[in-house]
Amino acid sequence: MIAAQLLAYYFTELKDDQLKKIDKYLYSMRFSDETLKDVMNRFRREMVNGLGRDTNATATVKMLPTFVRSIPDGSEKGDFIALDLGGSNFRILRVKVTQDKKQPVQMESQVYETPDDIIHGSGTRLFDHVADCLGDFMEKQKIKDKKLPVGFTFSFPCAQSKLNEAVLLTWTKKFKASGVEGVDVVKLLNKAIKKRGDYEADIMAVVNDTVGTMMTCGFDDQRCEVGIIIGTGTNACYMEELRHIDLVEGDEGRMCINTEWGAFGDDGSLEDIRTEFDREIDRGSINPGKQLFEKMASGMYMGELVRLILVKMAKEGLLFEGRITPELLTKGKIETKHVSAIEKSKEGLKKCMETLTRLGVEPSDEDCLAVQHVCTIVSFRSANLIAATLGGILTRLKDNKGVARLRTTVGIDGSLYKMHPQYARRLHKTVRRLVPDSDVRFLLSESGSAKGAAMVTAVAYRLADQARQIEQTLAEFDLSRAQLLEVKKRMRAEVERGLGKDTHGEATVKMLPTFVRSTPDGTENGDFLALDLGGTNFRVLLVKIRSGKRRTVEMHNKIYAIPIEVMQGTGEELFDHIVYCISDFLDYMGMKSARLPLGFTFSFPCHQNSLDAGILVNWTKGFKATDCEGEDVVELLREGIKRKEEFDLDVVAIVNDTVGTMMTCAYEEPTCEVGLIAGTGSNACYMEEMKNIETVEGTQGRMCVNMEWGAFGDNGCLDDIRTKYDRAVDENSLNEGKQRYEKMCSGMYLGEIVRNILIDLTKRGFLFRGQISETLKTRGIFETKFLSQIESDRLALLQVRAILQQLGLDSTCDDSIIVKEVCGTVSRRAAQICGAGMAAVVDKIRENRGLDHLDITVGVDGTLYKLHPHFSGIFHQTVKELAPKCDVNFLLSEDGSGKGAALITAVGCRQRELEAQQQ
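These numbers were taken from a predicted model, which means no experiment stands behind them. (Residues numbered from 1 in each chain as written. Predicted model: local features only at pLDDT ≥ 70, side-chain atom pairs only at ≥ 80, totals over all residues. Heavy atoms only, no water.)

**Q** Describe the overall build of the protein chain, with residues and values.
**A** The helix and strand inventory of the protein chain stands at 30 helices and 26 strands. Overall, the protein chain is about 130 × 70 × 50 Å in size when its C-alpha atoms are taken along their principal axes. For the protein chain, with 919 residues in total, the buried portion stands at 58%. Put simply, 70% of the contacts in the protein chain that link residues at least 6 apart link residues at least 24 apart. Counting every atom, the protein chain has about 38500 Å² of accessible surface; 49% of that belongs to carbon and sulfur. Each charge class in the protein chain was averaged separately, 122 positive and 135 negative side chains, and the resulting centres sit 5 Å apart. (Helix = DSSP H or I, 4+ residues; strand = E, 2+ residues; numbered from the N terminus. Buried < 20%, exposed > 50% of the residue type's maximum accessible area, 1.4 Å probe, protein only. Contact = heavy atoms within 4.5 Å. Areas by Shrake-Rupley, 256 points an atom, 1.4 Å probe, with all protein chains shown as cover. Lys, Arg positive; Asp, Glu negative; His and termini not counted. Charge placed at Lys NZ, Arg CZ, Asp CG, Glu CD.)

**Q** I'd love a proper account of the nonpolar core, names of residues and values included.
**A** Ranked by internal contacts, the top residues of the largest apolar core, which has 112 residues, are Met707, Trp709, Phe782, Met838 and Phe875. Among the elements that make up this core, the one with the highest residue count is helix α27 (residues 813–848) (16 residues). Beyond its immediate sequence surroundings of up to four residues, Met838 is in contact with Val674, Leu676, Trp709, Val858, Phe875 and Val879. Counting 110 residues, the second-largest nonpolar core is a separate cluster that includes Val226, Val339, Leu359 and Val459. (Core = buried A, V, L, I, M, F, W, Y, C linked by side-chain atoms within 4.5 Å.)

**Q** Let's hear about the sheet that holds strand β17 (residues 552–561): which residues, and what values?
**A** Overall, mixed pairing links the five strands, which are arranged β17-β16-β15-β18-β21 in an open sheet. Single-partner strands in this sheet number two, and they are β17 and β21 (650–655). With direction set aside, neighbouring strand axes in the sheet form an average angle of 20°. The pairing of strand β15 (residues 526–533) with strand β18 (residues 597–602) spans five bridges and is classified as parallel. Paired with Leu531 across the two strands is Phe600, which belongs to β18. The sheet strands contacting helix α18 (residues 571–589) are β15, β16 (537–546), β17 and β18, and the helix crosses β17 at an angle near 130°. (Pairing = 2+ DSSP bridges. Axes fitted to C-alpha atoms, helices over the stretch in contact; angles between N-to-C directions.)

**Q** Give me the lowdown on the pairing of strand β5 (residues 149–154), citing residues and values where you can.
**A** With six of six residues buried, β5 lies mostly within the body of the structure. Every second residue of β5 is oriented toward a common face, with Pro149, Gly151 and Thr153 on one face and Val150, Phe152 and Phe154 on the other, all of them buried. In this structure, strand β2 (residues 78–85) lies alongside β5, joined through five bridges in parallel fashion. Counted as the bridge partner of Asp84 is Thr153 from β5.

**Q** Please set out the pattern of salt bridges residue by residue, giving values where relevant.
**A** A side chain with one charge can pair with a side chain of the opposite charge if their charged atoms come near. Scanning the entire structure with this criterion turns up 75 salt bridges. Between Arg702 and Glu689 there is a salt bridge; the shortest N-O distance is 3.1 Å. With a gap of 13 residues between them, Arg702 in strand β24 (residues 702–706) and Glu689 in strand β23 (residues 682–689) connect regions that are remote in the sequence. Taking the shortest distance from any N to any O, the salt bridge between Asp730 and Lys743 comes out at 2.7 Å. Here Asp730, found in helix α21 (residues 724–731), pairs with Lys743, found in helix α22 (residues 740–745); they are 13 residues apart in sequence, far enough to count as distant. Each member of the pair Asp730 and Lys743 is classed as buried. The network of salt bridges with shared partners includes Lys488, Arg492, Glu496, Asp843, Arg846 and Glu847. (Salt bridge = Lys/Arg side-chain N within 4 Å of Asp/Glu carboxyl O.)

**Q** If you had to explain helix α7 (residues 276–283) to someone new, which residues and values would you point to?
**A** Looking only at α7, the buried set comprises Phe277, Asp278, Ile281 and Asp282. Seen end-on, α7 carries its buried residues on one side only, within an arc spanning 140°. (Arc of directions from axis to C-beta.)

**Q** Give a description of the sheet that holds strand β11 (residues 254–258) that names residues and reports values.
**A** Taking strand neighbours across the sheet as the criterion, the six strands line up as β1-β11-β10-β9-β12-β13 in an open arrangement whose pairing is mixed. Strand pairing shows two members of the sheet lacking a second neighbour, β1 (64–65) and β13 (438–444), which therefore form its edges. The sheet contact formed by strand β9 (residues 224–230) and strand β10 (residues 234–241) spans five bridges and is antiparallel. Following the sheet pairing, Ile230 is matched in β10 by Thr234. Running over the sheet, helix α14 (residues 423–434) touches β9, β12 (406–413) and β13 and is turned about 160° from β13.

See below:
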C-alpha cells in the first residue's frame, strides 16, 4: 500500500518536474493577462487604422465594409439559394424561411467537389464549374423556371462597394485560380450563368463566411453582433457604427465589418511575442510574411507548430532520448486533429502514445506527458490570442454603445473551436477576464456560413422591399416645385377673398384688420403693462421704454399657470384668474396705485373694429371657456378689473402675438413689415395698403392685417396634397375640419403626423418588430421637441435610440434610421408649405407697391423656427425659390408678445395724442 502511494507521489513529482521544464522551455508562448491586454489594445489601434480613410491603405487589419447593414429581426421570409465556396468542397443550399415558430428555417443542401485542377486553373473554369453545379442543383429541386434570390458565401478577402459586388483582393487557403484577383466575382458568376442560358439567378449578396456565421446565429439570437471563425483559418466580423467607417458614405446606422484579422501583425507589431517556431512556420508557408496572426492562432498551423517544437526538443535531448525519425521531420505529419485528440482528458495520453508511435520515436510515459503539455501550451496560446483580439472588438462595441455593461452574443464556427476538447472553455474564460464588464453569450453556428448567406439575402430582400414601400409612403410628402407654386397661388387667392368686402364672409383666410397703423419710429416713451395669453401659461410684464439717443427697453415679468379647469370653465372664472394674476404682479412690483396703459396680447382669432376692442371669433389651442366667443375680450377684462376693485388700468390695445413679433423687430429694423409665428401654431401678419382692406373705412396709409392663415385649406383647397395621415390627425383633433394648413405645418401637430406614420409602418411590420407599444398609441406623446432632437445632425443614432427609449419605444438601429427619415420628411414639408405661404405674402407687398424688386424684413418667432435644426433653412430656401423678385431678410424676434404688446401700446398712445391734437 505504502509502495503504491510512494510510486504515485514519485510520479506526480516527476510529472510536475517535467511540466515545469516545458513551461520554462516554452516560456515565450505563455502570456500574462498584462501581455494579453497589451495585444488587445494594439488590435484596437489597428482597427481604428483600418477604419480611417487616410490610414486604411497602410493598415494590416483591413476592416472591410460588407454592406450588410442589419441582422435578422425575425420577420424575414421567402425562398432562397445559398452558395458556399471557401474550401475543397462547394455547397449549395435551398433555404426556406417561414414565420412558422416550430421550424422557421428548412434547408436542403448538396455538396459538390472542387477538384485541384479547377482551384489552380483559370477563373473562367472555376466559375463555369460553380454555374454548372448550381444548374444541376436547380434541376434536382425543380426550380429552374424560378428566379430565386441567391446569397453567395465567398470566404476570401474582398473589397465591396455594395452588397452584391465583391472584388477579390487575394486568394488564400490553397486557392490560386488565375484572372480572378482584382475582379468582381459576382460579374464572373453572372457571366458563367448567362453563358449556360438555361436558368436565371438574382445574386443579391456576397458574404464572407465570418459574416455568414454572425447572420446564422443572428437569426436565432437578435443580440448577435459579432461573428468569429476559428478553424483552418481565423477571422472575425462585427457591427460597427457607420459614422466610424470612413470608406463608406453616410453616418446613419451600422454596418458589418469584416476585420480580416488574420493579417494582424503583418507590419511587425507582434514581433515581440512571435517565437522562433512561428518564424519557421512562416518561412515554409506559401505566403511568407502574410497572415502572421492567423499562423499563430488558426487550426491550419497548430499541428505543425507542435511538430517543430518536438523536433527541436528531441534534438536537444529533452524528448525521446534524442531520437529523431524521418516521419518526425516530415511537414504535416502532426495535424490539428491529433492535437485535439492528445488533449482529451481521459484517453489523451493513449492517443498521444499512438500518434508518437506512428512517428517511430518510441515514446516513454514521460514523453507522452510532455508532448501533451506542449499541445496544451500551443492550443492555449491560440485561445488566449483570439480572446485578446475578440476583447478588442467587444470593448469597441461597448464604447460605441456608451453603456456601462455590454450585453452581446458572439456567433462562432470553425473546426478548432468545435472539435478541440478544451478550446471553447479556455477562450470563454480568458474573454471574461479581459473584458470583465460584459455579459457575452457564445453561440455555436449549427449550420455553417451558407445558411448565413441565405439570411443576409433574406435581410437584403426584406430591407429592399421595406425601403421601397417606405419610400412610396413618404413620397406623398415630397412636394414638387410646381405643387409649391400652386400652394402659393392658392394662398394669394384666399388672401384676396379675405380682404374683399363681399367675399370676406366665406373666406377661410380671414385677413383681420388690427388697427395698428404704423410701426415704431423710435420716439416711444413711458412705462407700460403687457399681458400675454396664448397657451397654458400666462405672463404679466412691466415694460419701460426710453427714447432718445440711447433707446432702451427694460422688462420685468412673472409667469402664471392656467389650470386646465380654468381653460375649460366659464369665461368669468378665466378673467377673474387673469385679474388675480395682474393684482399679484402689481403687488410684487409695488405699483398698485399707478394707472398704467396696458397692451393685451391675446393669441386667438379676433374681429377688431378698433385698436382696443376685439371680438373673439373662436377659441383654439385647447381653450374652451364659455360665454367668450362673440364677446369683446377687452370688455371682459375691464369687467374683471371692476369686480376686483383693487386697481385701475387703461387698456389701450389688444394685440395678436404675430403683430407683436413684427413690431418688436420693426423697433430694431425699420424695413420689417411682416410678422411670422412658426411654433406651436402658425400665423402671419403684414402691412397692407388701406385701399385694399375693404372691411375697414378709409383708403389712406397702411394697416397691419392679421392673416389667421392657419385656416387656409379649410374650404378643401389643399385636399390634393393632404395625406391620409393629415386626415387622421385632423379627425382626432379638438377642432376637426378647422386650421388645416396649421395642422400640416405647425409644431403642435408635426409630432402627431409622425406618430400616425410610425403606427402605420409598425402595423406593416417595418418598425419595432411589428409591435405597437402602448406609448405609440398615446396621442400627443411625440412632442415636436423630440423631432428637433431626432433630426439634429450632431446626434448619432444611439442618441436617437435613447430618445425613442424615453418614449418607451425599444428600437433597433434600423428603426432609428426610419424614424429619423420620417421626422425629416414631415418637417421638410412643413417648412416648404410655410415658405410657399410667405412667398405669396412678400410678392403681394411687392405688387402693392408696384416694384420690380422688393427688399423687406420678416420678424419671426416660434419654437419650431428657433429650435428645429432644419426648418428655418428649408423655409428660407423655399421663399427664395418661390419669390425670386423679393430679397427677404429674416430677423428673430425677442419676445414679441411681451415687448411687442408694449410697443403697440406705446404707438397707440402716440396716435391717440396726435388725434387729440388734431381735434
